[in-house]
Amino acid sequence: MSDSTITLPWLVIREDDSGNRYRVGRYATRAEAQKIADSLDGRGHKQLYWVERLVQNGQGGAHD
């Protein structure tokens, strides 16, 4: 696991209306990630944004 994974474990994920998912960014805290997700979601586009925490093996965790 890299240092950036440890220090930036929170992801903002975007899913477009075709079901494609993209990582928007990585953040140190859940609150910071949620603030970004909320601001993007508030723009009125059809994309869905959510926050996930990386788990030990580097894979995305459950939606938070």
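K.L.:
Run through the overall build of the protein, naming residues and quoting values.
P.N.:
Scanning the protein for helices and strands turns up 2 helices and 4 strands. For the protein, the sequential pattern of α-helices and β-strands runs α-β-β-α-β-β. Going through the 64 residues of the protein one by one, you find that 30% of them count as buried. Here the analysis covers contacts within the protein between residues at least 6 apart in sequence; of these, 37% occur between residues at least 24 apart. In the form shown here, the protein has an accessible surface area of approximately 4,300 Å², with 46% of it arising from carbon and sulfur atoms.

K.L.:
Before we move on, can you summarise helix 2 (residues 30–41) with the specific residues and values?
P.N.:
The terminal C-alpha atoms of helix 2 lie 16 Å apart, and with 12 residues this matches the ideal 16 Å at 1.5 Å per residue to within 8%. Its buried side turned inward, helix 2 meets strand 1 (10–15), strand 2 (21–27) and strand 3 (48–54).

K.L.:
How would you summarise the side chain of Glu 52 if you had to cite specific residues and measurements?
P.N.:
Looking at where Glu 52 falls in the secondary structure, it is placed in strand 3. At a separation of 3.0 Å, a polar atom in the side chain of Glu 52 contacts the side chain of Trp 50.

K.L.:
Which residues make up the nonpolar core, and what values do they have?
P.N.:
Counting 8 residues, the largest nonpolar core is built from Trp 10, Val 12, Tyr 27, Ala 33, Ala 37, Leu 40, Tyr 49 and Val 51. Those elements that place two or more of their residues in this core are strand 1, helix 2 and strand 3. For this core, the leading source of residues is helix 2, giving 3 residues.

K.L.:
Before we move on, could you go through the environment of Asp 17 and cite the residues and values that matter?
P.N.:
Inspection of the secondary structure puts Asp 17 in the loop between strand 1 and strand 2. Residues Asp 17 and Lys 46, spaced 29 residues apart in sequence, show a C-alpha to C-alpha distance of 6.3 Å.

K.L.:
Describe the pattern of salt bridges, and please don't skip the residues or the numbers.
P.N.:
Between side chains of opposite charge, a pair can form as their charged atoms come close. Considering all chains together, one arrives at 1 salt bridge under this definition. For Arg 21, the salt bridge identified is with Glu 15, shortest N-O distance 2.9 Å. Among the residues examined, Arg 21 registers a relative accessible area of 52% and is labelled exposed.

Quick notes on the rules
- Residues numbered from 1 in each chain as written.
- Predicted model: local features only at pLDDT ≥ 70, side-chain atom pairs only at ≥ 80, totals over all residues.
- Heavy atoms only, no water.
- Helix = DSSP H or I, 4+ residues; strand = E, 2+ residues; numbered from the N terminus.
- Buried < 20%, exposed > 50% of the residue type's maximum accessible area, 1.4 Å probe, protein only.
- Contact = heavy atoms within 4.5 Å.
- Areas by Shrake-Rupley, 256 points an atom, 1.4 Å probe, with all protein chains shown as cover.
- Expected span 1.5 Å × (residues − 1).
- Polar contact = N/O pair within 3.5 Å; in protein donor to acceptor, adjacent residues only side chain to side chain.
- Core = buried A, V, L, I, M, F, W, Y, C linked by side-chain atoms within 4.5 Å.
- Salt bridge = Lys/Arg side-chain N within 4 Å of Asp/Glu carboxyl O.

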